[in-house]
Amino acid sequence: MTAGLDASRSFQRRPAAAEELCELVRGLGAQGLCQGTSGNFSVVVRRRPLRLLISRSGRHKAELVPDDLVEVDGRGRPRADDGDGPSAEVLLHCALVRRTGAGAVFHTHSVTGTLLGERFLDRSGFTVGGYEMLKGLAGIQSHEERVFVPVIANSQDMEALGGEVEGLLEARPGLHGFLLAGHGLYTWGAAPDEARRHVEIFEFLFECLARRVAFEPFTG
């Protein structure tokens, strides 16, 4: 396939990709996982050179429509004529796509995920096991498997934070997601529907863990 033909087909896919992404994000917003303008969500529309569609900064996620998305390159730079840009966290999306080969990256701000990030920052994360819902994460075959969820300190320096995320992914291949302390969840998938599923699975597991921690010492 020639580069020109590949680019043409990529552009043809953009409307469908935008509609799908917005529908999934609206669903997460309805669940209270990205209230107000919180969170950011992206889908890969081209690999070489890398192009993402990502939610614009300041848009209400429960009401997201295709005009609320912006196309960026592999360094997070929007097209010059494309209006409002994305959150500075676009650099994390780019880093995650490069390191994991993901087709979509979802970042949510649930109350439970925010608080668990604070709770376990000093331990750099926590491990979850024993729940059937773990099998909703790609590649997990049994409730007996144990999944580590790293926790990283939040920062406004996105270049430094992106470097830390890339280092984490290199040191721990096979991760499904991580928490920014006091901030929220980053997870990803081969496609937007898988990324959405990972959000819902993680949030279920977070809720179980949070309720456990409230009643007994955690030994994970």
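Residues numbered from 1 in each chain as written. Predicted model: local features only at pLDDT ≥ 70, side-chain atom pairs only at ≥ 80, totals over all residues. Heavy atoms only, no water.

1. Some points on a negative patch on the surface
Phase 1: Side chains of E19, E20, E23 and D193 sit close together on the surface and give a patch of like negative charge.
Phase 2: Looking at the negative patch, the element that brings in the most residues is helix α1 (residues 3-30), giving three residues.
Phase 3: Turning to its location among the elements, D193 is positioned in helix α5 (residues 192-215).
Phase 4: For D193, a relative accessible area of 41% corresponds to the partly exposed category. (Patch = residues over 30% accessible without salt bridge, like charges linked within 9 Å, V, L, I, M, F, W, Y side chains within 5 Å. Areas by Shrake-Rupley, 256 points an atom, 1.4 Å probe, with all protein chains shown as cover. Salt bridge = Lys/Arg side-chain N within 4 Å of Asp/Glu carboxyl O. Lys, Arg positive; Asp, Glu negative; His and termini not counted. Charge placed at Lys NZ, Arg CZ, Asp CG, Glu CD. Helix = DSSP H or I, 4+ residues; strand = E, 2+ residues; numbered from the N terminus. Buried < 20%, exposed > 50% of the residue type's maximum accessible area, 1.4 Å probe, protein only.)

2. Points about the sheet that holds strand β8 (residues 184-189)
Phase 1: Reading across the sheet, the eight strands line up as β3-β2-β1-β4-β8-β7-β6-β5 and stay open at both edges, with mixed pairing between neighbours. Edge positions in the sheet fall to β3 (69-73) and β5 (125-129), since each has one partner strand and no second. Going from strand to strand, the sheet's axes swing by 20° on average, the running direction of each strand aside.
Phase 2: Relative to strand β4 (residues 104-108), strand β1 (residues 40-46) runs antiparallel, the two sharing four bridges. The residue bridging S42 from the neighbouring strand is V105, located in β4.
Phase 3: Those strands touched by helix α3 (residues 111-119) are β5, β6 (146-152), β7 (177-180) and β8, and its axis lies near 75° from that of β7.
Phase 4: Its contacts with the sheet put helix α4 (residues 158-171) on β6, β7 and β8, and the angle it makes with β6 is roughly 160°. (Pairing = 2+ DSSP bridges. Axes fitted to C-alpha atoms, helices over the stretch in contact; angles between N-to-C directions. Contact = heavy atoms within 4.5 Å.)

3. A few points about the packing of aromatic side chains
Phase 1: What the rule picks out here adds up to six aromatic pairs.
Phase 2: Ring centres of F126 and F206 lie 6.0 Å apart, and the angle between their planes is 75°; on these two criteria the pair is classed as edge-to-face. Taken as a pair, F126 in strand β5 and F206 in helix α5 lie far apart in primary sequence, 80 residues in all. Exposure class is identical for F126 and F206. Each is buried.
Phase 3: Consider the rings of F178 and Y186, whose centres lie 5.4 Å apart with planes at 15°: the pair is stacked. Just as F178 is buried, Y186 falls in that class too.
Phase 4: Feature note: the residues F120, F126, F202 and F206 constitute an aromatic cluster, connected by ring pairs.
Phase 5: Taking the ring centre of F120 as reference, the NZ or CZ of R119 above it sits at 4.6 Å. (Phe/Tyr/Trp six-rings, centres within 6.5 Å; stacked < 30°, edge-to-face > 60°. Lys NZ or Arg CZ within 6 Å of the ring centre and 35° of its normal.)

4. Some words on the pattern of salt bridges
Two side chains of opposite charge can pair, provided their charged atoms sit close to one another.
Phase 1: Enumeration over the complete set of coordinates arrives at ten salt bridges.
Phase 2: Between K135 and E132 there is a salt bridge, with the nearest N and O atoms lying 2.5 Å from each other.
Phase 3: A relative accessible area of 47% means that E132 is categorised as partly exposed.
Phase 4: With a closest N to O distance of 3.9 Å, R196 and E200 form a salt bridge. Residue R196 and its partner E200 are located together in helix α5, separated by four residues, close to a single helical turn.
Phase 5: Accessibility expressed as a relative area gives 28% for R196, which makes it partly exposed.
Phase 6: Residue E200 is classed as partly exposed on the basis of its relative accessible area of 28%.
Phase 7: Taken together, the shared-partner salt bridges in this structure form one network comprising R98, R99, E166 and E170.

5. Side note on the side chain of S38
Phase 1: You can see S38 is positioned in the loop between α1 and β1.
Phase 2: Among the polar contacts made by the side chain of S38, one reaches the main-chain carbonyl oxygen of Q35 at a distance of 2.7 Å.
Phase 3: For S38, the residues in contact, after removing those within four places along its chain, are K61 and H109. (Polar contact = N/O pair within 3.5 Å; in protein donor to acceptor, adjacent residues only side chain to side chain.)

6. Quick look at α4
Phase 1: The end-to-end C-alpha distance of α4 is 20 Å, a good match for the 20 Å that 14 residues give at a rise of 1.5 Å each.
Phase 2: Turning to α4, its buried residues are M158, L161, G162, V165, E166, L168 and L169. Projected down its long axis, α4 shows its buried positions confined to an angular sector of 160°, all on one face. The exposed residues of α4 that point more than 90 degrees off its buried face are E159, E170 and A171.
Phase 3: Backbone nitrogen of E159 and a side-chain oxygen of the N-cap are separated by 3.3 Å at the start of α4; the cap is D157. (Expected span 1.5 Å × (residues − 1). Arc of directions from axis to C-beta.)

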